[in-house]
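Secondary and tertiary structure notes
Here's the letter readout for the chains.
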Amino acid sequence: MELTATDYNILDAIASGKVEPGTSPRHFVDYCDNVIGGDPQPLIDGGYIDAEPYINGLTEKGKQALADRQK
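Residues numbered from 1 in each chain as written. Predicted model: local features only at pLDDT ≥ 70, side-chain atom pairs only at ≥ 80, totals over all residues. Heavy atoms only, no water.

A closer look at the overall build of the protein
How we decide: Working definition: helices are DSSP H or I runs of at least four residues, strands are E runs of at least two. Numbering for both runs from the N terminus. For the radius of gyration, the atom set is restricted to C-alpha positions; the globular benchmark scales as 2.2 Å times the number of residues to the power 0.38. Note on exposure labels: buried denotes an accessible area under 20% of the residue type's maximum, exposed denotes more than 50%, and partly exposed covers the range between, all computed with a 1.4 Å probe on protein chains only. When charges are tallied, Lys and Arg are placed among the positive residues and Asp and Glu among the negative ones, while His and the ends of the chain are skipped. By convention, charge coordinates are those of NZ in Lys, CZ in Arg, CG in Asp, or CD in Glu.
Summing up its helical and strand segments, the protein has 4 helices and 2 strands in all. Taking 71 residues into account, the globule formula puts the C-alpha radius of gyration at 11 Å, and the protein, at 11 Å, falls close to it. Referenced to the eigenvectors of the C-alpha coordinate spread, the extents of the protein come out at roughly 30 × 20 × 20 Å. Taking all 71 residues of the protein together, 34% fall into the buried category. Charge-centre separation for the protein: the mean point of 6 positive side chains lies 5 Å from the mean point of 12 negative side chains.

Have a look at this one:
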C-alpha cells in the first residue's frame, strides 16, 4: 500500500497523542474526516493502526511507516 500525505497525517495524529488510546473507531473516523480530511479505514485494514476494539495506537507496521517517512 502506497501511503499518501494524508495517511501520514492520520498516523501522526495517533503517534503525537492528538488521538488518545481508547478512542472509539467511529469517533476516530469522524475526527479524521472532519479535521484531517481523510479516511483511516484503509490504514486500519492494512494493519497500520491497532483499532481492536478501540484505537490503541500504531502497530509496529504503522510505527515503521512513520519512521521511514521521517528519514
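Observations regarding the packing of helix α1 (residues 5-15) against helix α4 (residues 60-69)
Heads up, the rule is: Here an axis means a line fitted to C-alpha atoms, over the contact stretch when the element is a helix, while the angle between two N-to-C directions is reported on a 0 to 180 degree scale. In this scheme, roughly parallel covers angles under 35 degrees and roughly antiparallel covers those over 145, while 65 to 115 is roughly perpendicular and the rest are oblique. By the definition used in this description, the sense in which the near helix is turned from the far one sets the handedness, with an anticlockwise turn below a right angle giving left-handed and a clockwise turn giving right-handed. Residue contacts are defined here by distance: any two heavy atoms, one from each residue, within 4.5 Å place the two residues in contact. For this scheme, ten residues count as nonpolar: Ala, Val, Leu, Ile, Met, Phe, Trp, Tyr, Cys and Pro. Four count as charged, namely Asp, Glu, Lys and Arg, and the remainder, Gly too, count as polar.
Axis separation between α1 and α4 bottoms out at 10 Å; the angle between their running directions is 110°. Here α1 is positioned roughly perpendicular relative to α4, judged by the angle of their axes. The interaxial crossing formed by α1 with α4 has left-handed handedness. Facing α1, whose interface residues are Y8, L11, D12 and A15, α4 presents G62, A65, L66 and R69. A breakdown of the residues in the contact of α1 with α4 according to their chemical character gives 5 nonpolar, 1 polar and 2 charged.

Some words on the side chain of T23
Convention followed: Pairs of N or O atoms are called polar contacts if they sit within 3.5 Å, as long as, within protein, a hydrogen donor faces a hydrogen acceptor (for residues adjacent in sequence, only side-chain-to-side-chain pairs).
You can see T23 is positioned in the loop between α1 and α2 (25-36). Reaching out from T23, the side chain makes a polar contact with the backbone oxygen of E20 at a distance of 2.6 Å. Those residues within four positions of T23 in sequence are excluded, and the remaining contacts are F28, Y54 and I55.

Read these as spatial facts, not as claims about activity.
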